[in-house]
Amino acid sequence: MSQRRRRSLALLTSGVLALPLLTGCGAGDDEGGPAAAGQDIAATTRDKVADGGVLRWAVDTLPDTLNAFQADADATTSRIAGAVLPHLFVLDAKGRPVANPDYLEKAEVIEREPKQVVLYKLNQQAVWSDGREIGAPDFVAQWRALNGKDSAYWTARNAGYERIEKIERGKTDLEVRVTFAKPYADWRSLFSPLYPKQVTGTPDNFNEGARGTLKVTAGPFALGAIDKKTGTAALTRNPRWWGRPAKLDSLVLTAVPRAERPAALAAGKVDLAEIDRAGADRIALARRDAADKGGAGGAPAHGPAAELTPAQATLSWANAFGTDEEKAEQEKEARAKHTESVKRYADEQAALRRFTVRKSLEPAYTQLAMNGASGPLADERVRRAVARALDRQALADLVLKPLGLPAKPVGSHVALAGQQAYADNSDALGGQDAKAAQALLADAGWRRGGKLTEPAGAKAGPESTPQDDGKTPAGPGTGNDGLYIVGEDDAANGDTASDIRAAAAAADGGHDRVSPVLAPAPFGAQQKASLLAQAARVRTVDDAKRGPLLDGDTADDPAKGSPAPAKQATRTSGSMLAKDGKALTLRFVLPAGPGSEPLRTVGERISQMLRKLGVNTEITKVADDSFFKDHIASGQYDLALYSWPATAFPATDARPIFAKPEPAADGSLLVEQNYTRVGTDHIDQLFDQAVGELDEAQSRELVRKADARIWAAAGSIPLFQRPELVAVKPGLVNAGAFGLGSPRYQDIGWKKAPKAKEKKK
């Protein structure tokens, strides 16, 4: 997993405060509009937060490494880093980077010509936990570790650091001058987190020294014990912290699988936990039951108690007290287990009624991905038709409306509403339009009622080519990925969304063309046709319904010779689409885990939308742990639903997601993170221009143009921003659903009890 994905999936890394603007950052503050949903964290001023206490915060797993720049770092790595290490820039409530005054007095570009120079003026009180000042030596060591020049460092990425030419001390020890060999628009993304030189100074320390411990830190919390047996990582208040002290004595990150979090909350094992829809529903039911019964107990009318029908209960009683002793013993044991589960569920519900679910929208969006490597979706007209068959508003409503969250389709691949780079560029492709979709498919040669010559159950497209035996390149964003199909001819169209939409409209009229195959390579597929194949012969007379023989008719008699075989009926696709004797059937891969139920519901609704167009989908549900590795990354799918995180630095972070795949020396294809295998040179060029453009407004405009081109290529279709649901224990403040922003760890705590006078009021 690349550092870009880890960083973006865990945007909740460090504090946010009302901060002074950087020089030159006042313009364009209204760009991107308001965030789709604000933070829901019970924001409370520090004077109303008690000093002390412990917060137990659920995480998915304990981290394999504490080095955020290594390939196996995860969201828990980022959370720990956010609380214990310097972050020079953090994200505000709209997901925009702002200077962190705990570490910076000022940071700005002081020279553009002949080379870009950024001057950091550090907070004079900022020190590492060993007492040493944070300064230029730490910047230099991190740059050398991450710039990609020394392969002894096991790094997951070097984006931005490879553009630095030199780092120097400024006029004082508190000033750091960074000179860039190439202009870098996203310079604010660098040095967050910043590790001490003890970690980054040598390959050995970088590779191994920070995997299980951080001996030197510089945040409101310090790293305590990590206990693999109990699944906890303790963060304790940093006594050397120069800023406002942490309200909590300790913050204990506790590994709890998502499916087990309602039970963990009820048992008091955790106080704060991100939960799925099912967990949120349980808390809502618990609170409703408490309100309806006035706090009275009793088994709830849902859960295990509601799963047994009266008929099943009667049969169970009869078996338990019947004459078959062995069967009765088994039934009594089952009844005892059921009674215990009912009681346990009721006890959990009684405890869950105290919790509140705080809601926002995650800094991530769910998309429909279309694999353009081979098969029908290699034709961009088919991809565009699929996209234009979708009612994105209905899909957003399906997921978000029941949760009481704003349901607006996402209009950008590279930013979310509220972020400055955001603009709705979906017009570059066009909205839902069944007639336009049908015209695109007809132009691509797909017709209803087409003659079928393939065995029943076989799929359209070349899906049975042998897999490559070559060695797959190691590292993030590589794979053995079949064919790469470039998008439409970039030179033929304009850059703006309106220009591209005009080109797409022309394509709807039959002037679009299939992109050429640029880099053939083997593409392995999981064939199920043999399991689904069935006889295609249709008998003219059903043997079971034959009437009596009439005069002149004779029964089959071997002595008289066998009759001529009945003529095989012609098979057609009926109301569905076909081409070259094959039906248009797409493999739709979805995760099968209990937390993925909303995703599967969306997938089924998409299948219904496509069926109206004449497109069949074959839904395959796969284990969560193999969904990404064995299907998405390896290209074993036609359609898939998965999410991409948003980023405050799209010029840098979005490029590998949409980069044009390139052939590797061994004949395989390097796709970086572009798992749709759809890209163009023009998109790459726009991102390259944006990342080197120091005029911030112009850089954002280039990113928006790239996004319009991505919409037009129709490799992936953003659907909706993911819901963020967080269960919170009563009294916990400044924590919950952080939305696009970052938590300010030192302000999280337990609300003070009201004073006697306030209670009387």
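Caption draft 1: Seen up close, the nonpolar core. Counting residues in hydrophobic clusters, the biggest one holds 107 residues, and the most contacted among them are Y120 and F191. Counting residues per element, this core draws most heavily on helix α3 (residues 136–146), which supplies 6 residues. Residue contacts for F191: discarding those within four places in its chain leaves P86, L88, Y120, F139, Q142, Y161, I164, I167 and V178. The next biggest cluster of nonpolar side chains, apart from the first, holds 62 residues, and it includes A264, A286, L377 and A727.

Caption draft 2: Broad picture of the sheet that holds strand β13 (residues 447–448). Here we have 3 strands laid out as an open sheet, ordered β13-β15-β16, and antiparallel in their pairing. Each of the sheet's edge strands pairs with one partner strand only, and the pair in question is β13 and β16 (582–583). Of the strand pairs in this sheet, strand β15 (residues 577–579) and β16 are connected by 2 bridges, and their pairing is antiparallel. Across the sheet, residue A578 finds its bridge partner in β16, namely A583.

Caption draft 3: Seen up close, the packing of helix α12 (residues 392–400) against helix α16 (residues 597–613). Where α12 contacts α16, the axes come no closer than 10 Å and their chain directions differ by 155°. In terms of axis orientation, α12 runs roughly antiparallel to α16. Where α12 crosses over α16, the handedness of that crossing is right-handed. Residues A394, L395, L398 and V399 of α12 form the contact with α16, whose participating residues are T601, V602, R605, I606 and M609. Tallied by class, residues from the contact of α12 with α16 come to 7 nonpolar, 1 polar and 1 charged.

Caption draft 4: Representation of the sheet that holds strand β4 (residues 104–111). With antiparallel pairing, the 4 strands of this open sheet are ordered in space as β4-β5-β7-β6. Where the open sheet ends on each side, the last strands, each with one partner, are β4 and β6 (164–169). Within the sheet, the average angular offset between the axes of one strand and its neighbour, ignoring direction, is 15°. Relative to strand β5 (residues 117–122), β4 runs antiparallel, the two sharing 6 bridges. Among the inter-strand pairings, V109 is bridged to a residue of β5, identified as V118.

Caption draft 5: Expanded view of the packing of aromatic side chains. One pass over the full model with this rule turns up 18 aromatic pairs. With centroids separated by 5.5 Å and ring planes inclined at 50°, the aromatic side chains of Y120 and F139 adopt a geometry described as tilted. Here F139 lies in helix α3 and Y120 lies in strand β5, a separation of 19 residues in the sequence. Since its relative accessible area comes to 0%, Y120 is described here as buried. Its relative accessible area of 0% is what places F139 among the buried residues. Plain terms: the ring middles of F628 and Y675 are 5.1 Å apart, the flat faces sit at 90° to each other, and that makes the pair edge-to-face. Here F628, found in helix α17 (residues 624–632), pairs with Y675, found in the loop between β21 (669–670) and β22 (678–679); they are 47 residues apart in sequence, far enough to count as distant. Classification of F628 by relative accessible area gives partly exposed; the value is 25%. According to the relative accessible area criterion, Y675 is buried, its value standing at 6%. Through pairs of rings, three or more aromatic residues link up here, namely F69, F89, Y120, F139, Y161, W187, F191 and Y195.

Caption draft 6: Structural view of the pattern of salt bridges. Tallied over the full model, the rule gives 36 salt bridges. In this structure, K115 and E165 form a salt bridge, with 2.3 Å as the shortest nitrogen-oxygen distance. Here K115 is found in the loop between β4 and β5, whereas its partner E165 is found in strand β6, with 50 residues between them in sequence. The partly exposed category is assigned to K115, whose relative accessible area is 33%. Of the residues examined, E165 reaches a relative accessible area of 32% and is grouped as partly exposed. With its nearest N and O atoms 3.0 Å apart, the salt bridge here joins D443 to R381. Of this pair, D443 sits in helix α13 (residues 434–443) while R381 is found in helix α11 (residues 380–388), placing the two residues 62 residues apart along the sequence.

Caption draft 7: Geometry of the pairing of strand β9 (residues 232–237). When strand β8 (residues 221–227) meets β9, the two strands line up antiparallel, connected through 5 bridges. The partner of D227 across the bridge, within β9, is T232. In textbook terms, the turn of a hairpin is the stretch between consecutive antiparallel strands, and for β8 and β9 this stretch comprises 4 residues, one of which, G231, has a positive phi near 70°. Where β9 and strand β10 (residues 250–255) come together, 5 bridges link them in antiparallel fashion. For L235, the partnering residue across the bridge sits in β10 and is L251.

Analysis parameters
Residues numbered from 1 in each chain as written. Predicted model: local features only at pLDDT ≥ 70, side-chain atom pairs only at ≥ 80, totals over all residues. Heavy atoms only, no water. Core = buried A, V, L, I, M, F, W, Y, C linked by side-chain atoms within 4.5 Å. Buried < 20%, exposed > 50% of the residue type's maximum accessible area, 1.4 Å probe, protein only. Helix = DSSP H or I, 4+ residues; strand = E, 2+ residues; numbered from the N terminus. Contact = heavy atoms within 4.5 Å. Pairing = 2+ DSSP bridges. Axes fitted to C-alpha atoms, helices over the stretch in contact; angles between N-to-C directions. Parallel < 35°, antiparallel > 145°, perpendicular 65-115°, else oblique. Left-handed = near helix turned anticlockwise from the far one by under 90°. Nonpolar A, V, L, I, M, F, W, Y, C, P; charged D, E, K, R; others polar. Phe/Tyr/Trp six-rings, centres within 6.5 Å; stacked < 30°, edge-to-face > 60°. Salt bridge = Lys/Arg side-chain N within 4 Å of Asp/Glu carboxyl O.

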